[in-house]
Amino acid sequence: MALVIALSAFLLLSASRSGSVWFASLWFLALLPAVLCALICYIGDPDRTRSSTFYWLVPPGLCAMVCVASIFVLHEGVICLVMLSPVWLASGWAGAFAMRSQRERRGRALESSFLIIPLVAAMVEAQMPIPHETVTLTRSVLVKAAPEEIWPYAVSSRDIGADEGRWTITHNIIGMPRPRDSVMAGAGVGAVRTAYWGDNVNFQERIVAWEPGRKVGWRFSFTNSTVQDYTDKHISPDGAFLKIDSGDYVLRPVSADTTELTLTTRYVAKTHVNPYAKLWGELLMGDVEDNVLAIIKDRAERASAVAG
């Protein structure tokens, strides 16, 4: 049993390291918490005398301890903790109550399963090819301004105030840095725009499409690690699990004084849990897009009102 406990701790810490291929695995998300919670229940209720309350409390307790250790020992980012917690809780409860219902079978065979199940599952998943799925995320907003009035703010927005944009879960609760500056060097295809978020994050967007008043498109270029360093060390925008690839603004006149502004971001999800990762991509990147569009809309409409 001591070997099982030691192995479980080793697997948990190994999978939590930055760059670990196991971090975005089905094994780490769904199986490991079930096994750990079942193990805790096995040790904590050897005679099956505890009430169901004990089994309900084990997964939240484990999750809380892992979060605290991740923050203070592993220096984990809040984004990963928020993403992992719902699945860990659900999986932990499944493991805890599966153990409760099977206590009459306890014995060395059951103890051995704690060791065998995670090892076998990890080896099986390691042989499975990792799917690469291109995801397109789009948000639109109606702006009370003409395309030519919106265009300068779609191309470059300087000195963005902390009070600009909109309230989002991603920025206001999870703590993703907000955009501060968007600086264009040059004009047309081949120009480079540098985006600055918060006090420390910056990355480049290399312009690949340029139709003034209609469309500007770019490919992302992450020339440093600031996005990863100041958001979450596991989620590199150009890493093993995720590649944020390209984006564009499209301006479409709706009426004489109204324009539909659409922001599209394309990224590649590279995990065995892409469906779950895409749900979080919809929230996190969707919030970023909504916030950026709100900034452009407010600035363009104010400028249009002054000009009018």
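Model, not experiment: these values are computed from the prediction. (Residues numbered from 1 in each chain as written. Predicted model: local features only at pLDDT ≥ 70, side-chain atom pairs only at ≥ 80, totals over all residues. Heavy atoms only, no water.)

## Things to note about the pairing of strand S4 (residues 201-211)
Stated formally: Two strands pair if DSSP finds at least two bridges between them. In this text, helices come from DSSP runs of H or I with a minimum length of four residues, and strands from runs of E with a minimum of two, each type numbered from the N-terminal end.
Of the pairings in the sheet, the one linking strand S3 (residues 192-197) to S4 comprises six bridges and is antiparallel in character. Following the sheet pairing, Thr194 is matched in S4 by Gln204. Hairpin remark: S3 followed by S4, antiparallel, with three residues in the connecting loop; positive phi at Gly198, about 60 degrees. When S4 meets strand S5 (residues 215-221), the two strands line up antiparallel, connected through seven bridges. Bridge assignment links Glu205 to a residue of S5, and that residue is Phe220. If you look at the hairpin formed by S4 and S5, you'll find three residues sitting between the two strands, and Gly213 has a positive phi there, around 80 degrees.

## Some remarks on a nonpolar patch on the surface
Put simply, the rule is: To count toward a patch, a residue needs a relative accessible area above 30% and no salt bridge. Like charges then connect within 9 Å, nonpolar side chains (Val, Leu, Ile, Met, Phe, Trp, Tyr) within 5 Å. For every accessible area listed, the method is Shrake-Rupley and the probe measures 1.4 Å; residues are considered covered only by the protein chains on display. Any carboxyl oxygen of Asp or Glu within 4 Å of a side-chain nitrogen of Lys or Arg constitutes a salt bridge here. Note on classification: 1.4 Å probe, protein chains only; a residue is buried when its accessible area is under 20% of the maximum for its type, exposed when over 50%, partly exposed between these limits.
On the surface, Val120, Val124 and Met128 cluster together into a nonpolar patch covering about 250 Å² of accessible area. Here Met128 lies in the loop between helix H5 (108-127) and strand S1 (133-143). Residue Met128 is classed as partly exposed on the basis of its relative accessible area, which comes to 43%.

## Remarks on the packing of aromatic side chains
Rules: Each aromatic pair joins two rings of Phe, Tyr and Trp (for Trp, the six-membered one) with centres within 6.5 Å, and gets the label stacked for planes under 30 degrees apart, edge-to-face for over 60, and tilted for any other angle. Placement of a charge over a ring requires the Lys NZ or Arg CZ to be within 6 Å of the ring centre, with the centre-to-atom vector within 35 degrees of the ring normal.
Taken as a whole, this structure holds twelve aromatic pairs when the rule is applied. Between Tyr55 and Phe97, the ring centres sit 6.0 Å apart and the planes meet at 40 degrees, which makes this aromatic pair tilted. Residue Tyr55 is located in helix H3 (residues 52-72), and its partner Phe97 is located in helix H4 (residues 78-101); the two are separated by 42 residues in the primary sequence. When its relative accessible area of 24% is taken as the criterion, Phe97 is described as partly exposed. Taken together through their ring pairs, the aromatic side chains of Trp197, Phe203, Trp218, Phe220, Phe222 and Tyr249 make up a single cluster. For Arg50, the ring lying beneath its charged end belongs to Phe54, and the centroid distance is 4.4 Å. In this arrangement the basic side chain of Arg193 is found over the ring face of Trp218, its NZ or CZ atom lying 4.5 Å from the centre.

By themselves these figures say nothing about function.
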